[in-house]
Amino acid sequence: MNILIPDSWLREFLKTSATLKQIKEFVSLCGPSIERIHEVDGEAVYDVEVTTNRPDSMSVAGVAREASVILPRFGIPAKLVNDPYERALQGDPLQGREKSSRKRKLSIKTDPNLNPRWTSVVLENVSVKPSPKWLADKLEKSGIRALNNIVDITNYLMRAYGQPAHAFDFDAIAHGKNSATMILRASKKGEKLTTLDGKTHTLPGGDIVITDEKGRLIDLCGIMGAKNSSITTETKTIVLFLQTYDPIHIRKTSMALAHRTEAAGLFEKGIDPELVMPAFLEGVRLVGELAGGKSASPVYDIYPAPYKPYTVTVARGKVDAYLGTRLSDRDARSILASLGFVPTVT
């Protein structure tokens, strides 16, 4: 999978004095392959190839993490900054933000085998309009067409963190003024829906979908949203939705329908469920900052089997054999700690 990353965006997550040439050369030697650097509107943009077994690197923050560990091995100081995993959830994730009466309600039914983590919130008083220049420029230089501030925020989260996001028009799926129902299930063979790009799909069955109270399909999960719940210039209230899915289901549906999207490419490789909340918090912040959105519901975080850290052990001799050299204990600890591990070297 190839992604485009503007140099200025990379450096929002990577603190280093490394030159463009050094980043390209040294990162390519040890991590994601930076195939070329080209210029867009006067800025250098990296064209990065990430192998399919590394979905954790398929983002600006992911490539920055790799570079922050690789560059010091070549004598160039580098540090990861704005690490999404450091956005620890403490109490109410909307704490400190102006809140409405929280009068909106989502009735949610999901299947943990298809959807290991579901996170959503209703945000009202939203103004859908063109994105500010800084956001539109980031996306356009990354090969993503800027559409409007809400859609652009979801695409920003996907490129910045490798976590796809989606926004529904709350009023388009609501029953009554303040309530909406969202049911995630496997599709039935022959069901149809029209996606945001105007294409109508007849589903083979077993695809992950979301329906509303009336049974209308409102999302082809992990691939593309449905047109009947899309964001328009008339939208005033949205459901911001971040999640993970069973990768096998996403792959099968995407291939069966010949419908390939960047979101599908990420979900089918397996997204870290622990990344959902940090990206979600950033999404809520951006909707408030760029669209005036205010929280109108509780945060729904359905996560029945939270990740539990576990210990991996490996013999020192095996590591040395794989590397073809022997690292000092200090270097081994430093490298592992930079990648987010809590290492013990004996």
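Overview of the structure. This is a predicted model, so every value here is computed, not measured. (Residues numbered from 1 in each chain as written. Predicted model: local features only at pLDDT ≥ 70, side-chain atom pairs only at ≥ 80, totals over all residues. Heavy atoms only, no water.)

**Details of the overall build of the chain**
Then step 1. The secondary structure content of the chain amounts to eleven helices and 17 strands.
Then step 2. What you see for the chain is a C-alpha radius of gyration of 21 Å, in line with the 20 Å of a compact globule of 346 residues.
Then step 3. A principal-axis box enclosing the C-alpha atoms of the chain has dimensions of 65 × 45 × 40 Å.
Then step 4. Looking at the chain as a whole, 48% of its 346 residues are labelled buried.
Then step 5. Across the chain, the 46 positively charged side chains and the 40 negatively charged ones have centroids separated by 3 Å. (Helix = DSSP H or I, 4+ residues; strand = E, 2+ residues; numbered from the N terminus. Rg over C-alpha atoms; globule rule 2.2 N^0.38 Å. Buried < 20%, exposed > 50% of the residue type's maximum accessible area, 1.4 Å probe, protein only. Lys, Arg positive; Asp, Glu negative; His and termini not counted. Charge placed at Lys NZ, Arg CZ, Asp CG, Glu CD.)

**Some remarks on helix α7 (residues 247–256)**
Then step 1. Burial in α7 covers these residues: Ile250, Thr253 and Ser254. Down the axis of α7, the buried set is contained in an arc of 100°. They therefore lie on one face. Within α7, the exposed residues directed more than 90 degrees away from the buried face are Ile248, Lys252 and Ala256.
Then step 2. Buried residues in α7 make contact with β12 (208–211), β13 (217–220) and α8 (262–267).
Then step 3. Following α7 by one or two positions, Ala258 has its phi on the positive side, about 55°. (Arc of directions from axis to C-beta. Contact = heavy atoms within 4.5 Å.)

**Describing the pairing of strand β15 (residues 238–244)**
In summary, the side chains of a regular strand alternate between the two faces of the sheet.
Then step 1. The buried count for β15 comes to seven of seven residues, which makes it a mostly enclosed element.
Then step 2. What you see with β15 is no split at all: Ile238, Leu240, Leu242 and Thr244 on one side and Val239, Phe241 and Gln243 on the other are buried throughout.
Then step 3. With seven bridges joining them, strand β7 (residues 117–124) and β15 adopt antiparallel strand pairing. The partner of Ser120 across the bridge, within β15, is Phe241. (Pairing = 2+ DSSP bridges.)

**Overview of the sheet that holds β12**
Then step 1. In spatial order, the strands read β6-β9-β12-β13-β14; together these five strands make up an open sheet with mixed pairing. Since the sheet does not close on itself, it has two edges, and those belong to β6 (105–109) and β14 (224–225), each with one partner.
Then step 2. As judged from the three bridges shared by β12 and β13, these two strands associate in the antiparallel manner. Looking at the pairing, Ile210 lines up with Asp219 of β13.

**Here's the deal with the sheet that holds strand β4 (residues 43–49)**
Then step 1. Strand order across the open sheet formed by three strands is β1-β4-β3, with antiparallel pairing between neighbours. Either end of the sheet is taken by a strand with one partner, and the two such strands are β1 (2–6) and β3 (33–40). Between one strand axis and the next, the sheet turns through 25° on average, direction left out of account.
Then step 2. As paired elements, β3 and β4 share seven bridges and run antiparallel to each other. In the sheet register, Arg36 faces β4, and the bridge partner there is Asp47.
Then step 3. Helix-sheet contacts for helix α4 (residues 133–141) involve β1, β3 and β4, and the interaxial angle to β1 is about 140°. (Axes fitted to C-alpha atoms, helices over the stretch in contact; angles between N-to-C directions.)

**Quick word on the pairing of β13**
Then step 1. In textbook terms, the turn of a hairpin is the stretch between consecutive antiparallel strands, and for β12 and β13 this stretch comprises five residues, one of which, Gly215, has a positive phi near 90°.
Then step 2. Relative to β14, β13 is paired through two bridges, and the arrangement is antiparallel. Among the inter-strand pairings, Leu220 is bridged to a residue of β14, identified as Met224.

**What about unusual backbone geometry?**
Then step 1. We note that Asp41 has phi near 50°; this positive angle belongs to a residue other than glycine.
Then step 2. Relative to the helices and strands, Asp41 is located in the loop between β3 and β4.

**Observations regarding the layout of surface pockets**
Then step 1. Taken as a whole, the largest pocket spans an internal volume of roughly 2,100 Å³.
Then step 2. Together, 46 residues line the largest pocket, and Leu336, Leu339, Gly340, Phe341 and Val342 are the ones closest to its centre.
Then step 3. Every element with two or more residues in the lining of the largest pocket is listed here: α3 (60–70), α10 (316–323) and α11 (329–338).
Then step 4. Take the lining of the largest pocket: its biggest share by element is six residues, from α3.
Then step 5. Looking at side-chain class alone, the lining of the largest pocket contains 28 nonpolar, nine polar and nine charged residues.
Then step 6. When its volume is computed, the second largest pocket comes out at roughly 850 Å³.
Then step 7. What lines the second largest pocket is a set of 30 residues, among which Val151, Asn155, Leu196, Ile223 and Met224 lie closest to the centre. (1 Å grid on protein atoms, 1.4 Å probe; cavity = no way out; pocket = protein on both sides within 12 Å on 5 of 7 lines; lining within 4 Å. Points joined across faces, edges and corners; volume = space filled by probe spheres on them. Nonpolar A, V, L, I, M, F, W, Y, C, P; charged D, E, K, R; others polar.)

**Some remarks on the side chain of Glu268**
Then step 1. Position of Glu268 among the secondary structure elements: in the loop between α8 and α9 (276–291).
Then step 2. A relative accessible area of 14% means that Glu268 is categorised as buried.
Then step 3. In terms of polar contacts, Glu268 uses its side chain to reach the side chain of Arg251, at 3.1 Å. (Polar contact = N/O pair within 3.5 Å; in protein donor to acceptor, adjacent residues only side chain to side chain.)

**Quick notes on the packing of aromatic side chains**
Then step 1. Counted according to the given criterion, the structure contains eight aromatic pairs.
Then step 2. For the ring pair Trp134 and Tyr156, a centre distance of 6.2 Å and an interplane angle of 90° mean the geometry is edge-to-face. Pair noted here: Trp134 is in helix α4 and Tyr156 is in helix α5 (residues 149–161), with a separation of 22 residues, a long-range link.
Then step 3. The class of Trp134 is partly exposed, set by a relative accessible area of 34%.
Then step 4. For Tyr156, a relative accessible area of 6% puts it in the buried group.
Then step 5. Members of the aromatic cluster, joined through ring pairs, are Trp9, Trp134 and Tyr156. (Phe/Tyr/Trp six-rings, centres within 6.5 Å; stacked < 30°, edge-to-face > 60°.)

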